[in-house]
Amino acid sequence: IAGITQAPTSQILAAGRRMTLRCTQDMRHNAMYWYRQDLGLGLRLIHYSNTAGTTGKGEVPDGYSVSRANTDDFPLTLASAVPSQTSVYFCASSQGRGNSPLHFGNGTRLTVT
Amino acid sequence: RKEVEQDPGPFNVPEGATVAFNCTYSNSASQSFFWYRQDCRKEPKLLMSVYSSGNEDGRFTAQLNRASQYISLLIRDSKLSDSATYLCVVNPYNFNKFYFGSGTKLNVKP
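To keep things clear, this report deals only with the structure shown in the data block. (Residues numbered from 1 in each chain as written. Chains lettered and ligands numbered in written order. Predicted model: local features only at pLDDT ≥ 70, side-chain atom pairs only at ≥ 80, totals over all residues. Heavy atoms only, no water.)

## Topic: the interface of chain B and chain A
By a frequent convention, interface size equals the accessible area lost on bringing the separate parts together. Quick note on the threshold: Contacts are assigned to residue pairs that have any heavy atoms within 4.5 Å of one another. The salt bridge criterion pairs a side-chain nitrogen of Lys or Arg with a carboxyl oxygen of Asp or Glu, the two atoms within 4 Å. Definition of a polar contact: a pair of N or O atoms within 3.5 Å, with one able to donate and the other able to accept a hydrogen when the atoms are protein atoms, and with sequence-neighbouring residues admitted only if both atoms are side-chain atoms. Helix and strand assignments come from DSSP, with helices taken as H or I runs of at least 4 residues and strands as E runs of at least 2, each series counted from the N terminus.
Of the residues lining the interface, 18 residues belong to chain B; the matching set on chain A comes to 20 residues. If you look at where chain B meets chain A, you find zero salt bridges. Scanning the region where chain B abuts chain A turns up two residue pairs in polar contact (both at pLDDT 80 or more). Among the secondary structure elements, those contributing two or more residues to the side of chain B that touches chain A are strand 4 (32-38) and strand 5 (45-50) of chain B.

## Details of the packing of aromatic side chains
Spelled out, the test is: In this analysis, rings of Phe, Tyr and Trp, with Trp reduced to its six-membered ring, are considered paired at centre separations within 6.5 Å, and the interplanar angle assigns stacked below 30 degrees, edge-to-face beyond 60, and tilted for intermediate values. Throughout, exposure labels follow a simple rule: accessible area from a 1.4 Å probe, protein chains only, divided by the maximum for the residue type, with under 20% read as buried, over 50% as exposed, and the rest as partly exposed.
Within this structure, the stated rule accounts for 13 aromatic pairs over all chains. Relative to B:Tyr36, the ring of B:Phe34 lies with its centre 6.4 Å away and its plane at 65°, an arrangement referred to as edge-to-face. For B:Phe34, a relative accessible area of 0% gives the class buried. Each residue in the set A:Tyr33, A:Tyr35, A:Phe90, A:Phe104, B:Phe34, B:Tyr36, B:Phe98 and B:Phe100 is aromatic and connected to the rest through ring pairs, giving one cluster.

## A word on the pairing of strand 3 (residues 19-25) of chain B
All names here are of chain B. Applied cut-off: Paired strands, in this sense, are two strands between which DSSP finds at least two bridges.
Along strand 3, the buried face is formed by Val 19, Phe 21, Cys 23 and Tyr 25; none of Ala 20, Asn 22 and Thr 24, which line the opposite face, is buried. Where strand 1 (residues 4-6) lies against strand 3, three bridges are found, and the strand directions are antiparallel. Opposite Glu 5, over in strand 3, you have Thr 24 as the bridge partner. As defined by bridge partners, strand 3 adjoins strand 8 (residues 70-75) across six bridges and the pair is classed as antiparallel.

## Side note on the sheet that holds strand 7 (residues 64-66) of chain A
All names here are of chain A. The line we're drawing: As a rule, the C-alpha atoms of each element are fitted with a line to give its axis, helices using only the stretch in contact, and angles between N-to-C directions run from 0 to 180 degrees.
Strand order in the open sheet formed by four strands is 1-3-8-7, and the pairing between neighbours is antiparallel. Taken across any chain shown, the strands that pair with only one partner, and hence form the sheet edges, are strand 1 (4-7) and strand 7. Averaged over all pairs of adjacent strands, the angle between strand axes in this sheet comes to 20°, irrespective of strand direction.

## Topic: the pairing of strand 1 of chain A
Residues and elements named next belong to chain A. Taking every second residue as pointing to the same face, the buried face of strand 1 carries Ile 4 and Gln 6, while none of Thr 5 and Ala 7 on the other face is buried. Bridging between strand 1 and strand 3 (residues 19-25) involves four bridges; their strand directions are antiparallel. Bridged to Ala 7 within strand 3 is Arg 22.

## A closer look at the nonpolar core
Let me state the cut-off plainly: What is meant by a nonpolar core is a set of buried Ala, Val, Leu, Ile, Met, Phe, Trp, Tyr and Cys residues, joined one to another through side-chain atoms within 4.5 Å.
One finds B:Phe21, B:Trp35, B:Ile71, B:Leu73, B:Ile75, B:Tyr86 and B:Leu106 to be the most contacted residues of the largest nonpolar core, which totals 23 residues. Elements with a contribution of two residues or more to this core: strand 3, strand 4, strand 5, strand 7 (60-65), strand 8, strand 9 (84-91) and strand 11 (104-109) of chain B. For B:Leu106, the residues in contact, after removing those within four places along its chain, are B:Phe11, B:Val13, B:Val19, B:Phe21, B:Ile75, B:Asp82, B:Ser83, B:Ala84 and B:Tyr86. Among the nonpolar cores identified, the runner-up in size contains 18 residues, and A:Met19, A:Leu21, A:Ile46 and A:Val66 belong to it.

## Topic: the side chain of A:Ser93
Residue and element names in this part refer to chain A. Among the secondary structure elements, Ser 93 is positioned in strand 9 (residues 87-94). Classification of Ser 93 by relative accessible area gives buried; the value is 0%. At a separation of 2.7 Å, a polar atom in the side chain of Ser 93 contacts the side chain of His 29. Setting aside anything within four residues of it in sequence, one finds Ser 93 in contact with Ile 4, Gln 25, Met 27, His 29, Ala 31, Met 32, Tyr 33, Pro 101, Leu 102 and His 103.

See the structure below:
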């Protein structure tokens, strides 16, 4: 069982370029999330989706967009990358009810130059 | 005030020691609580959920104190492999709102 798969594992990207980080889960979880983690700032929520077809903004959504066309996939797009988007990006999912914890993907390490 | 606060540490302990971390939360309506472990440059992994009556998993014991709004994690007989950052996570049953502490770093020394 793979759980949550993120791709790519790492990427170096020129500023101004467009980039999509991929996230796929095979646990049939309803809710999915994108976080970024920066030194000293902890995990910050970028966007979330409670169920397929719906998305919402988190704490730091500017410069990012998401879509949730089906239950399994939740891609994160940077339309025009900037150096401040250099970070480690984690996709996560949960059943979205009760005492359900978050399950994380392996992360994508993105460097914008 | 932060939603979840943790002592960042580091806690430096010898192998075999018992160590405890606390985490305070500000929302009294919070309903679910978790401890995660994160190794350097890796994804956070669920260590254990925290139940109202307290729960134990091997060398790890989690407690919840609703009156004082804190959760704790006790690690007995520390191993070198326990060295990591421990994240406290709180969710008031709003599934968009998992609040993360900044993490407590544990170093277990030989």
